[in-house]
Amino acid sequence: MAQSTQEALTTAEELLLLAIDPKSGALHSHPTFRLPAALAGAVLLDLFADGSLTLVDDTVQAGAGSDNLPYAAAVERIRNLPASHGVPWWVDAFGYAGKEAKGWTIARLAETGVIAVDKRPWLPPFPRMRYRLTEPTARSAVASKILAALRADTQPNAQSTAITVMAAECGFVKNLAPRSEWHALSKRIGALLQSPASSAGDGLTNEPRLTLIAQVYEAVYKQGVLGGAGN
């Protein structure tokens, strides 16, 4: 498997791995319609973190770009669109409107051999897609990272914060921890949204980046509730 280390996975890829039911191969989230927006938010956070995108006057701006970026198509679309838009608009555009973030993420995981995609006959012309975890340890590693971030006394790095809050927004945290911990973990998630990341080398560490994580989280929630485009 070319993508053999946990560090090689993007936030969006980690999130999609958590969404795969290991038994049925179906994608799920709680609520069921939250995943596309959360994947779009995760893609944006990945691109903000590596400097491909910046937030200028509450609008998303593309940097120089690179053909080697995991989500080069997203950067190019943002760069080439004549009008500027904010985070909620792009969460809707890449999430609900076309579900592009979901497609990009599935394609990358399949290409690198982390998952296999099975198309099963259902009611033509609507084939049913199922996803097999060819490297189950990758999914369990994501779950362990999230629980470590939630149970730690210190602030995790920016990427751990991003996957933790996106996983919580999709309802995955309740699948990872016993019910007795849910209340404490919910409070911890709120604290993660308000606290700066601890590692100075990360791309989401200063105050504007902290605000960005909270903005993306809020945009994912609102798009999940309203199902409409933002600004």
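Report follows, based on the coordinates. Every value quoted in this text rests on a predicted model; they were computed, and no experiment measured them. (Residues numbered from 1 in each chain as written. Predicted model: local features only at pLDDT ≥ 70, side-chain atom pairs only at ≥ 80, totals over all residues. Heavy atoms only, no water.)

In this section: the overall build of the chain. Each helix and strand counted, the chain has 10 helices and four strands in total. Order of helices (α) and strands (β) in the chain, N terminus to C terminus: α-α-β-β-α-α-α-β-β-α-α-α-α-α. The burial tally for the chain puts 46% of its 231 residues in the buried class. As presented, the chain carries roughly 11,100 Å² of accessible surface, and 54% of it is formed by carbon and sulfur atoms. (Helix = DSSP H or I, 4+ residues; strand = E, 2+ residues; numbered from the N terminus. Buried < 20%, exposed > 50% of the residue type's maximum accessible area, 1.4 Å probe, protein only. Areas by Shrake-Rupley, 256 points an atom, 1.4 Å probe, with all protein chains shown as cover.)

Counting 66 residues, the largest nonpolar core has Leu15, Leu17, Leu44, Phe94 and Ile115 as its most contacted members. Counting residues per element, this core draws most heavily on helix α2 (residues 35–49), at 11 residues. Residues in contact with Ile115, not counting those within four places in the same chain, are Leu16, Leu17, Ile20, Ile106, Leu109, Ala110, Tyr131, Arg132, Leu133 and Thr134. (Core = buried A, V, L, I, M, F, W, Y, C linked by side-chain atoms within 4.5 Å. Contact = heavy atoms within 4.5 Å.)

Let's shift gears to the environment of Thr11. Take Thr11: it is sitting in helix α1 (residues 11–19). For the pair Thr11 and Thr105, spaced 94 residues apart in the sequence, the C-alpha separation amounts to 9.7 Å. When near neighbours in sequence (up to four residues on either side) are disregarded, Thr11 contacts Ala42, Asp46, Gln159, Ala162 and Ile163. A polar atom in the side chain of Thr11 sits 2.7 Å from the side chain of Asp46. (Polar contact = N/O pair within 3.5 Å; in protein donor to acceptor, adjacent residues only side chain to side chain.)

Counting across every chain of the model gives eight salt bridges. Salt-bridge contacts for Glu100 lead to Arg77; the nearest nitrogen and oxygen are separated by 2.2 Å. Taken together, the residues Glu100 in helix α5 (residues 100–111) and Arg77 in helix α3 (residues 72–80) connect sequence positions 23 residues apart. For Arg77, a relative accessible area of 32% corresponds to the partly exposed category. (Salt bridge = Lys/Arg side-chain N within 4 Å of Asp/Glu carboxyl O.)

Let us now look at the side chain of Thr164. Along the chain, Thr164 falls in helix α7 (residues 158–169). Not counting chain neighbours up to four residues away, the residues in contact with Thr164 comprise Ile146, Ala149, Leu150, Val173 and Leu192.

This part covers the packing of α1 against α5. Two elements in contact, α1 and α5, have axes whose closest approach is 9 Å; the angle formed by their N-to-C orientations is 85°. Put simply, α1 runs roughly perpendicular to α5. Within the contact between the two elements, α1 uses Ala12, Glu13, Leu16 and Leu17 and α5 uses Lys102, Thr105, Ile106, Arg108 and Leu109. Its residues assigned to classes, the contact of α1 with α5 shows five nonpolar, one polar and three charged. (Axes fitted to C-alpha atoms, helices over the stretch in contact; angles between N-to-C directions. Parallel < 35°, antiparallel > 145°, perpendicular 65-115°, else oblique. Nonpolar A, V, L, I, M, F, W, Y, C, P; charged D, E, K, R; others polar.)

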